[in-house]
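Structural description and commentary
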Amino acid sequence: MSVWQVVGQTRAVSLLQRSLERGSLAHAYLLIGPAHVGKMALALNLAQALNCEASDPPCGECASCQKIALGKHADVQIIGLTSDGNSAEAKPRAEISIDQIRQMQHSASLPPFEGKHKVFIVDRAEQLSNEAANCLLKSLEEPVGKVIFILLAISESLLPATVTSRCQQLKLPPLAATELEAALNSGWGIEPQKARLLARLSHGCLGWAISAASDDGLLQQRTQQLDRLLDIINADYEERFAYAAQLAAQFSQNRGWVQEILDLWLDWWRDLLLVKVGCNDTITNIDRSAILIEMARGYNLAQIKVFINNIQAAGEQLRLNANPQLVLETFMLSIPGRRGELGEIPLPNLR
Ligand SMILES: [Zn+2]
């Protein structure tokens, strides 16, 4: 029996399984989905299926499948951002270079070394430099037998249309919280209460949930950031501006981190909205539901909606390279006042 280890993603898996059985695989795939949703897991599974020695691939157990799982198969290569450790996020301009693609093409021109197919996985393909993407195009336009390219990206819109149009696109949507919770519980043996929380916090991305389950640091970080968020909501302008300045300083070194903080704010205020409209069951921060319920009493629905728009606008402006300090200070000024407190203070015009 073939063993696809990817959790969920039944649509993509059954499509690939059918193509394998018919021998009608595309020579290039583009797997699209949010970070940690399982794109790499599916790509490696496909590489296993292509090189498996069993009659019903992928078996997950033969020498070939095991080598691929360990990243030690000579014919399966991963091309991605070259950086020291996990600091790729820290470099806003990091990209996959044309040299990396040229090396890949050279390797693709040689026959498989130990397996049946050569598989090249381009991780974070949205980070391909323009030159690298153009160079890659050549490989996509002139397919070679026994060579398969698998591009991974968070959105097809971040890649040139010339590249995406030459790949078969497979969308990997986030998993439903209940599905993920069940997988964490049964597949990874995570205790029910933690599985429930991680399923919510991961927004359907299993990879994140598994990392957070094995590394307490991720949950501790979230706790600290959430505590800070609550402090800031209750703080005066001086403290809020200090927070904005701190985030702005971080932004120049680590954009991803600041976006994560904004995502945390967004989750919190969406939860307030959900509580406000009586959908307490669907909130993300289930371990803080008591605070959310209490806090939601202090705002009206319109205030919450406006502020959610402000959080999204701040994120968008940062992505468009607006001045981070200005964006974050404006964002801090727009935190709504609670009933019976300061009241709402109109936004100063900072433009
Ligand atoms: Zn196998």
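For the structure itself, consult the block above.
Residues numbered from 1 in each chain as written. Predicted model: local features only at pLDDT ≥ 70, side-chain atom pairs only at ≥ 80, totals over all residues. Heavy atoms only, no water.

1. Some points on the overall build of the protein
Helix and strand counts for the protein come out as 15 helices and five strands. By its C-alpha atoms, the protein is 70 × 45 × 30 Å across when sized along the principal axes. Counting only residues that meet the buried cut, the protein has 45% of its 351 residues in that class. Contacts in the protein between residues far apart in sequence, at least 24 positions, make up 69% of those at least 6 positions apart. Of the roughly 17900 Å² of accessible surface on the protein, a fraction of 52% belongs to carbon and sulfur atoms. Between the centroid of the 32 positive side chains of the protein and the centroid of its 37 negative side chains there is a distance of 4 Å. (Helix = DSSP H or I, 4+ residues; strand = E, 2+ residues; numbered from the N terminus. Buried < 20%, exposed > 50% of the residue type's maximum accessible area, 1.4 Å probe, protein only. Contact = heavy atoms within 4.5 Å. Areas by Shrake-Rupley, 256 points an atom, 1.4 Å probe, with all protein chains shown as cover. Lys, Arg positive; Asp, Glu negative; His and termini not counted. Charge placed at Lys NZ, Arg CZ, Asp CG, Glu CD.)

2. A short note on the packing of aromatic side chains
For the structure shown, the criterion picks out eight aromatic pairs. With 6.5 Å between their ring centres and 20 degrees between their planes, Tyr237 and Phe241 make a pair best called stacked. Here the residue Tyr237 and the residue Phe241 both occupy positions in helix α11 (residues 237-253), the gap between them amounting to four residues, near one helical turn. Ring centres 5.5 Å apart and planes at 5 degrees place the aromatic pair Phe307 and Phe331 in the stacked group. Of this pair, Phe307 sits in helix α14 (residues 301-319) while Phe331 sits in helix α15 (residues 324-333), and the two are 24 residues apart along the sequence. Joined through ring pairs, the aromatic side chains of Tyr243, Trp265, Trp269, Tyr299, Phe307 and Phe331 make up one cluster. (Phe/Tyr/Trp six-rings, centres within 6.5 Å; stacked < 30°, edge-to-face > 60°.)

3. As for the coordination of the zinc ion
For the zinc ion, the full set of protein donor atoms is Cys52 (SG), Cys59 (SG), Cys62 (SG) and Cys65 (SG), and the range of their distances to it is 2.2 to 2.3 Å. Around the zinc ion, the four donor atoms sit at angles spanning 103 to 118 degrees, and that spread fits a shape best called tetrahedral. Positions of the donor residues of the zinc ion along the chain correspond to the pattern C-x6-C-x2-C-x2-C. On the basis of relative accessibility, which here comes to 15%, the residue Cys59 falls in the buried class. (Donors = N, O, S within 2.8 Å, 3.2 Å for Na, K, Ca; no water. Tetrahedral: all angles 85-135°; square planar, octahedral: opposite > 155°, others 65-115°.)

4. Observations regarding the pairing of strand β4 (residues 147-153)
Most of β4 is tucked away, with seven of its seven residues classed as buried. In β4, alternate side chains face the same way, and those of Val147, Phe149, Leu151 and Ala153 on one face and Ile148, Ile150 and Leu152 on the other are all buried. As paired elements, strand β1 (residues 28-32) and β4 share five bridges and run parallel to each other. Across the sheet, the residue bridging to Tyr29 is Ile150, located in β4. (Pairing = 2+ DSSP bridges.)

5. Overview of the sheet that holds strand β2 (residues 76-79)
Reading across from one edge, β2-β3-β4-β1-β5 is the order of the five strands in this open sheet, with parallel pairing throughout. In this open sheet, the two edge strands, each paired with only one partner strand, are β2 and β5 (168-171). Adjacent strand axes in the sheet meet at a mean angle of 20 degrees when their direction is disregarded. Of the strands in this sheet, β1 and β5 touch helix α1 (residues 10-22), which is tilted by about 145 degrees from β5. (Axes fitted to C-alpha atoms, helices over the stretch in contact; angles between N-to-C directions.)

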